[in-house]
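Letter by letter, the chains look like this.
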Amino acid sequence: MRNAALLLLVLSTAGVAAAQGAAPWVAPYHPCYQWGEGAAAEVPWGSLTHLILGYLFPEQVSASEYTVVPPDWYPTWYQDAAPYVAAGHLAGRTVTCMLGGAGSNPGNVWNNATSAENVTTFAANIAAVLQAHGFDGADLDWEDNVDHAGLVRLAVALRAAWPGAVITIPTSFAGEV
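The residue numbering used here restarts from 1 in each chain and proceeds along that chain's sequence as written. Given that this is a predicted model, residues contribute local features only at a pLDDT of at least 70 and side-chain atom pairs are listed and counted only at 80 or more, while totals for whole chains, interfaces and linings are drawn from all residues. Only hydrogens and water are set aside; all other atoms, that is, all heavy atoms of the structure, feed into the side-chain values.

Q: Describe the side chain of Thr67, naming the residues involved and giving the relevant values.
A: Among the secondary structure elements, Thr67 is positioned in strand E3 (residues 65-69). What makes two residues a contact is simply this: any of their non-hydrogen atoms within 4.5 Å. Each residue touching Thr67, except ones within four places of it in the same chain, is listed here: Phe57, Pro58, Glu59, Val61, Phe122, Asn125 and Val129. Secondary structure elements are defined from DSSP: runs of H or I of at least 4 residues count as helices, runs of E of at least 2 residues count as strands, and each element is numbered from the N terminus.

Spelled out as structure tokens, the structure:
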């Protein structure tokens, strides 16, 4: 029920902004497996407000510490993401990083990372990694075995760790996370 109320609050706030004439966001995803199909210089920066680059995965570092890392098959992820972040900022656009996606929860790593005991450190580690690479925020794309309370805990902890971050959570048109 609490999660539904938070989602309703977010949707209500978005509706108020639209009613007051606020410009809509245009925020496409650009996952790393498509970077070869559209380099940073080819992004139509004038047609969008945000770019969501994908993706980093949650990973366990120690018994009680978690962070985010590139896919194992993409060792140059950070270097290859840098031109998009730089070009987006040069164009005055917000560039965020997608965390997760389908298949990113092996062994319930998201669930463990967002437990009450671990979430504060996980959020601080996310903020540190993304800020070190120039991102403006995070897209929390937890798709498998979602613990809605854990997702809310993470969003709250990430806001506390990184007050100026843009934080988004993708949902379906039916409001499903």
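Q: Requested: an account of unusual backbone geometry, with residues and values cited.
A: Cis geometry marks the peptide bond from Gly54 to Tyr55; its omega dihedral reads 0°. Relative to the helices and strands, Tyr55 resides in strand E2 (residues 50-62). A positive phi angle, close to 60°, is found at Asn108, a residue other than glycine. Its location among the elements puts Asn108 in the loop between strand E4 (94-101) and helix H3 (109-113). Burial classes: relative accessible area under 20% of the type maximum marks a residue as buried, over 50% as exposed, and values in between as partly exposed (1.4 Å probe, protein chains only). Classification of Asn108 by relative accessible area gives partly exposed; the value is 32%. A positive phi angle is found at Asn145, which is not glycine, with a value near 50°. Mapping Asn145 onto the fold places it in the loop between strand E5 (137-142) and helix H5 (148-161).

Q: Before we move on, could you go through helix H2 (residues 77-90) and cite the residues and values that matter?
A: Between its first and last C-alpha, H2 extends 20 Å over 14 residues, near the 20 Å set by a 1.5 Å rise per residue. Residues of H2 that are buried: Trp77, Ala81, Tyr84, Val85 and Gly88. Looking straight down H2, one finds its buried side chains confined to an arc of 100°; they lie on one side. Turned more than 90 degrees away from the buried face of H2, the exposed residues are Gln79 and Leu90. Of the surrounding secondary structure, the elements contacted by the buried residues of H2 are strand E1 (29-31), E2 and E4. Take the residue count of a helix, subtract one, and multiply by 1.5 Å to get its expected span. Our arc is simply the arc of the directions from the helix axis toward the C-beta atoms.

Q: Could you give an account of helix H4 (residues 119-132), naming the residues involved and the relevant values?
A: Residues that lie three or four places apart on an α-helix share one face, since the helix turns once every 3.6 residues. In this model H4 runs 20 Å from its N-terminal to its C-terminal C-alpha over 14 residues, within 8% of the 20 Å that 1.5 Å per residue would give. Regarding H4, the residues found buried are Val119, Phe122, Ala123, Asn125, Ile126, Ala127, Val129 and Leu130.

Q: An account of the pattern of salt bridges is requested, with residue identities and associated values reported.
A: A pair is scored as a salt bridge if a Lys or Arg side-chain nitrogen falls within 4 Å of a carboxyl oxygen belonging to Asp or Glu. One pass over the full model with this rule turns up one salt bridge. The residue Asp147 makes a salt bridge to Arg153 at a minimum N-O spacing of 3.6 Å.

Q: Tell me what's going on with the packing of aromatic side chains, and back it up with residues and numbers.
A: Only Phe, Tyr and Trp rings are paired, with Trp represented by its six-membered ring, and only when their centres lie within 6.5 Å; those with planes under 30 degrees apart are stacked, over 60 edge-to-face, the remainder tilted. If you walk through the whole model with that rule in mind, you get 11 aromatic pairs. Ring centres of Trp110 and Phe122 lie 6.2 Å apart, and the angle between their planes is 80°; on these two criteria the pair is classed as edge-to-face. Within this pair, whereas Trp110 is found in helix H3, its partner Phe122 is found in helix H4, the two being separated by 12 residues in sequence. Pair check on accessibility: Trp110 and Phe122 agree, each one buried. Joined through ring pairs, the aromatic side chains of Trp35, Trp73, Tyr74, Trp77, Tyr78, Tyr84 and Phe135 make up one cluster.

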